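Notes for the structure review
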Amino acid sequence: MKVAISSDHGGNRLRAEIIDLMDEMGIEYEDFGPKDDGSVDYPDYAKPVAQRVADGEFDRGIVICGTGIGMSIAANKVKGIRCALCHDVFSAKATRGHNDSNVLAMGERVVGPGLAREIARTWLEGEFEGGRHERRIEKLTEMEQ
């Protein structure tokens with residue numbers, strides 16, 4: 001698995017935690033920044049992650065900001081992206097199994113590093129269940145036309 005990850009200035013510390021987790025899990029990733037704590041605009045950091053996942057360069061993406069809301073909205077503007085904002089483990093598991101989400105959003109001001117690591121691990125290890133959920137994903141794809 002290959003993962004693209006980014007944050008805005010409000011998610012830098014949590015991004016570092018998730019990068020450490022992916023190192024521990026042996027997951028290949030590319031960090032799309034930002035490189036420092038200066039104020040940045042979240043769409044500028046959500047778009048490259050979402051676009052590269054949509055283009056197939058990466059299997060999945062993770063985007064982080066203060067709440068996760070702005071990043072999830074921005075990522076979902078890219079055709080082919082199913083970004084799920086998760087602040088609990090159950091939602092992370094469900095969105096992989098039922099929604100085949102390909103981008104995870106989290107908020108650094110909402111979840112602490114320990115819980116964020118559990119959410120990310122669950123999401124990264126999760127698999128799409130297919131079956132009855134497949135037709136629902138197909139309907140979502142049709143809506144993008």
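Rules used in this analysis
Residues numbered from 1 in each chain as written. Predicted model: local features only at pLDDT ≥ 70, side-chain atom pairs only at ≥ 80, totals over all residues. Heavy atoms only, no water. UniProt positions renumbered as here; feature names shortened; annotations may be inferred. Buried < 20%, exposed > 50% of the residue type's maximum accessible area, 1.4 Å probe, protein only. Contact = heavy atoms within 4.5 Å. Helix = DSSP H or I, 4+ residues; strand = E, 2+ residues; numbered from the N terminus. Axes fitted to C-alpha atoms, helices over the stretch in contact; angles between N-to-C directions. Parallel < 35°, antiparallel > 145°, perpendicular 65-115°, else oblique. Left-handed = near helix turned anticlockwise from the far one by under 90°. Nonpolar A, V, L, I, M, F, W, Y, C, P; charged D, E, K, R; others polar. Expected span 1.5 Å × (residues − 1).

Per an unreviewed UniProt entry, the protein goes by Ribose 5-phosphate isomerase B and derives from Bhargavaea ginsengi. UniProt's Sequence similarities (unreviewed entry) comment on the protein is quoted here verbatim: "Belongs to the LacAB/RpiB family."

As a further point, take the UniProt feature "active site" (unreviewed entry) in the protein. The sites that carry the UniProt feature "active site" (unreviewed entry) are, in the present numbering, C65 and H98. These residues run over 34 residues, and the two farthest C-alpha atoms among them are 24.5 Å apart, placing them at more than one spot. Overall, C65 belongs to the buried group, its relative accessible area being 4%. Not counting chain neighbours up to four residues away, the residues in contact with C65 comprise D8, G10, G11, G70, M71, M106, G107 and E108. With respect to the secondary-structure elements, H98 resides in the loop between α4 (89-97) and β5 (103-107). Exposure remark for H98: the relative accessible area of 31% places this residue in the partly exposed category.

We now examine the packing of α4 against helix α5 (residues 113-125). Across the interface, α4 lies against α5 with an axial gap of 8 Å and an inter-helix angle of 15 degrees. The orientation of α4 relative to α5 falls into the category roughly parallel. Classified by chirality, the crossing of α5 by α4 is right-handed. Residues V89, A92, K93, T95 and R96 of α4 form the contact with α5, whose own contacting residues are L115, E118, I119, T122 and W123. In terms of residue class, the contact of α4 with α5 is made up of five nonpolar, two polar and three charged.

Moving on to helix α1 (residues 12-25). Along its 14 residues, α1 runs 20 Å from first to last C-alpha, staying within 8% of the 20 Å computed at 1.5 Å per residue. Along α1, the residues classified as buried are N12, L14, R15, I18, I19, L21 and M22. Looking one or two residues beyond α1, the residue adopting positive phi is G26, at roughly 70 degrees.

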